[in-house]
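Summary of the model geometry
One-letter residues, chain by chain:
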Amino acid sequence: MSPMNGARSVRAILTFWYTAVLVVAFAVFAGAVYLYLERVLLASLDQNLLEETDWIGRLVEVDRTRFAGNASVEKLSEDIERRIMDHFARGPRNYVVILTTTGGKLLYRSGGPTAADLAPGGGSADTSLVRSVEEPGRGALRVASRRAPPLVITVGYDVRATSSVLEHFLTVVGILLPAALFMSLAGGYFMAGVALRPVHRIAQMAERITADRLDLRIPARPVNDELGMLIRTINTMIGRLEASFLQIREFSLSVAHELRTPLTILKGEAELALARGASADDAQRLAVLTLEETARMARIVDDLLTLARADAGQIIIERAPVALHGLLAEVHEDATILAGDHQLTVELVRNDPVTVKGDRGRLRQLLRVLVANAVQYTDPGGMLRLSCTAGASDVALAVEDTGIGIPSDSLERIFERFYRTDQARERARGGSGLGLTVARWIAEAHGGRISVTSTPGAGSRFTVHLPRTPAA
Ligand code: ADP
């Protein structure tokens, strides 16, 4: 999928969600308004009906003496009937007014025809009551009744009038909803497009950055927003890629260089021997040289293979108990033989009896690198000191010499592949600059670390810290 297609579908998804959220919010809002309106209208209708019954109550109060103790009254006075009719004729023609005696005898009825008995059922409390009554063919009536013995005053109102307000409201919502839907679709699509435009630009610029153009970066945004962060992240990633590309290039150059030197020497010597007509001595010398140089190349290739397989996680480090004091005693013996050729003395200053879990062969390889270096970079008459010191949680294996030392600006770099100090290059052509890289890998593969302190011209001390119980 091209970045454009991806962005387009993101735009569609954004638009969809934006619209969906907006429509749901609109529907919830309209529903809430509808319910609220319905309640308010009903409450005000009830209030109004009660007021009307009150009004009639006060009106008939005047006639009360006529009713007092006279349950057989048949009719209201004409004056009161007229006043009631006048009063309700002024408003909308949706009222029904019924006056009965508490005994149920009809005294007065106004308004449209109504079949249902709107008078409240039994009960004699002097109370007001509001209820809904279904009126066949007419719809629902909201009815308020007031008992004012000996009369019961009932006023009903056709709720279709209030329903029509709600129907109007629903019509408006019905018109507005599609309009809102359309507007949010268009607006959402537009806004998503605006928001995604910089993403398109980033994608286009990122596409121009290839393996050959890793020096290019995506221009930073003037604002420090999410996209600015994305650009920084991509740029940092490209930076890391560039660094590792450079590292690989340098590494290939170093490998080629390191292998080329011995090959050049061998080729030169062989050509010379051929040109001169090789004597038995020459042939002997050539054979020795060939052996030395091929051994050196084999060492380089071995170390490179070890490091490459270590990088790929293909080397399994054993986790067997290793008695470090025994190992150091062995290394001490080897070192003494090696150092003898260079007129150096080797001292085992401390050898705590301690066991760690690890790979004996690899640990021996590590110590040999340190000892070989100490011998290599120390002048005759110098001294090597080996020690194994057990701490509470780790063990420190140290190889110290009184050699040429390492300049402070090289201390960090000597563990890098192929790095050699200038002094080392002048002094010994044999080294490859891979020994300490392998040594560091072995220390770290055991959950430990390797460190160095050095005084140029006075000597160096390499210390390997190994945990007594390595992490799983
Ligand atoms: P090599 O010894 O083959 O050159 P290493 O990786 O073992 O490679 O060491 C890297 C560099 O570290 C050496 O070239 C040398 O400059 C420096 N170095 C290592 N050990 C010592 C030491 N004991 N004294 C002085 N310099 C050292």
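One can find the structure itself at the top, above this paragraph.
The text that follows walks through the structure, step by step, so that each part is easy to find.

1. Section: the overall build of the chain
Regarding its fold elements, the chain presents 10 helices and 12 strands. Looking at the 472 residues of the chain, the share that counts as buried comes to 36%. The contacts of the chain with a sequence gap of at least 6 include a subset with a gap of at least 24, amounting to 66%. Accessible area of the chain: about 27,300 Å², with a carbon and sulfur share of 60%.

2. Remarks on a nonpolar patch on the surface
Where nonpolar side chains cluster on the molecular surface, the patch consists of Tyr 18, Leu 22, Phe 190, Met 191 and Val 194 and spans about 460 Å² of accessible area. Those elements that provide at least two residues to the nonpolar patch are α1 (3–61) and α4 (160–208). Position of Tyr 18 relative to the elements: it lies in helix α1. Exposure remark for Tyr 18: the relative accessible area of 33% places this residue in the partly exposed category.

3. A look at the layout of surface pockets
The computed volume of the largest pocket comes to approximately 1,100 Å³. Looking at the largest pocket, it is lined by 42 residues, and the ones nearest its centre are Val 369, Ala 372, Asn 373, Gln 376 and Gly 435. For the lining of the largest pocket, the secondary structure elements donating two or more residues are α6 (280–311), α7 (324–340), α8 (360–376), α10 (435–445) and β12 (459–467). In terms of residues, the lining of the largest pocket owes the most to one element, α8, which gives nine residues. Classifying every residue of the lining of the largest pocket by side-chain character gives 20 nonpolar, 14 polar and eight charged.

4. Observations regarding the side chain of Asn 235
Residue position: Asn 235 is located in helix α5 (residues 226–276). Discounting chain neighbours no more than four positions away, the residues touching Asn 235 are Arg 217 and Ile 218.

5. Focus: the sheet that holds strand β7 (residues 345–351)
Read across the open sheet, the five strands follow the order β7-β9-β10-β12-β11; overall the sheet is mixed. Each of the sheet's edge strands pairs with one partner strand only, and the pair in question is β7 and β11 (449–455). Shown here is a sheet whose adjacent strand axes are inclined to one another by a mean of 15 degrees, direction ignored. As paired elements, β11 and β12 share seven bridges and run antiparallel to each other. Bridge assignment links Ser 454 to a residue of β12, and that residue is Ser 460. Sheet strands in contact with α7 are β7, β9 (383–390), β10 (394–401) and β12, and its direction is about 170 degrees off that of β7.

6. Digging into the packing of α5 against α6
In the contact formed by α5 and α6, the axes pass within 10 Å of each other and the chain directions differ by 170 degrees. As summarised for this structure, α5 and α6 are arranged roughly antiparallel, according to the angle between their axes. Touching Phe 251, Val 255, Glu 258, Leu 259, Pro 262, Leu 263, Ile 265, Leu 266, Glu 269, Ala 270, Ala 273 and Arg 276 of α5 are Asp 282, Arg 285, Leu 286, Leu 289, Thr 290, Glu 293, Arg 296, Met 297, Ile 300, Val 301 and Leu 304, all from α6. Residue classes in the contact of α5 with α6 are distributed as 15 nonpolar, one polar and seven charged.

7. Some thoughts on the pattern of salt bridges
Evaluated as defined, the whole model comprises 21 salt bridges. In this structure, Asp 86 engages Arg 82 in a salt bridge whose closest nitrogen and oxygen atoms are separated by 3.9 Å. Here Arg 82 and Asp 86 lie together in helix α3 (residues 78–90), a separation of four residues that amounts to about one turn. Of the residues examined, Asp 86 reaches a relative accessible area of 42% and is grouped as partly exposed. For Glu 258, the salt bridge is made with Arg 296, and the minimal N-O distance between the two is 3.1 Å. One end of the pair, Glu 258, is in helix α5; the other, Arg 296, is in helix α6, with 38 residues separating them in the sequence. With respect to burial, Glu 258 and Arg 296 carry one shared label: buried.

8. A short note on the site of the ligand
Inspection of the region around the ligand gives 19 residues, with Asn 373, Arg 420, Thr 421, Ser 432 and Leu 436 positioned closest. A distance of 2.8 Å is found between a nitrogen atom of the ligand and a side-chain nitrogen or oxygen belonging to Asp 401. The side chain of Arg 420 places a nitrogen or oxygen atom 2.6 Å from an oxygen atom of the ligand. Within the complex, 97% of the 530 Å² of free accessible area of the ligand lies under protein. Assessed atom by atom at 2 Å from the grid points, the ligand resides in the largest pocket. Put simply, the parts of the chain that give the shell around the ligand at least two residues each are α8, α10 and β12. Grouping the amino acids of the shell around the ligand by side-chain chemistry returns nine nonpolar, eight polar and two charged.

Here is what the cut-offs are and how they apply
Residues numbered from 1 in each chain as written. Predicted model: local features only at pLDDT ≥ 70, side-chain atom pairs only at ≥ 80, totals over all residues. Heavy atoms only, no water. Helix = DSSP H or I, 4+ residues; strand = E, 2+ residues; numbered from the N terminus. Buried < 20%, exposed > 50% of the residue type's maximum accessible area, 1.4 Å probe, protein only. Contact = heavy atoms within 4.5 Å. Areas by Shrake-Rupley, 256 points an atom, 1.4 Å probe, with all protein chains shown as cover. Patch = residues over 30% accessible without salt bridge, like charges linked within 9 Å, V, L, I, M, F, W, Y side chains within 5 Å. Salt bridge = Lys/Arg side-chain N within 4 Å of Asp/Glu carboxyl O. 1 Å grid on protein atoms, 1.4 Å probe; cavity = no way out; pocket = protein on both sides within 12 Å on 5 of 7 lines; lining within 4 Å. Points joined across faces, edges and corners; volume = space filled by probe spheres on them. Nonpolar A, V, L, I, M, F, W, Y, C, P; charged D, E, K, R; others polar. Pairing = 2+ DSSP bridges. Axes fitted to C-alpha atoms, helices over the stretch in contact; angles between N-to-C directions. Parallel < 35°, antiparallel > 145°, perpendicular 65-115°, else oblique. Near = heavy atom within 4 Å. Polar contact = N/O pair within 3.5 Å; in protein donor to acceptor, adjacent residues only side chain to side chain. Sits in = over half its atoms within 2 Å of the grid points.

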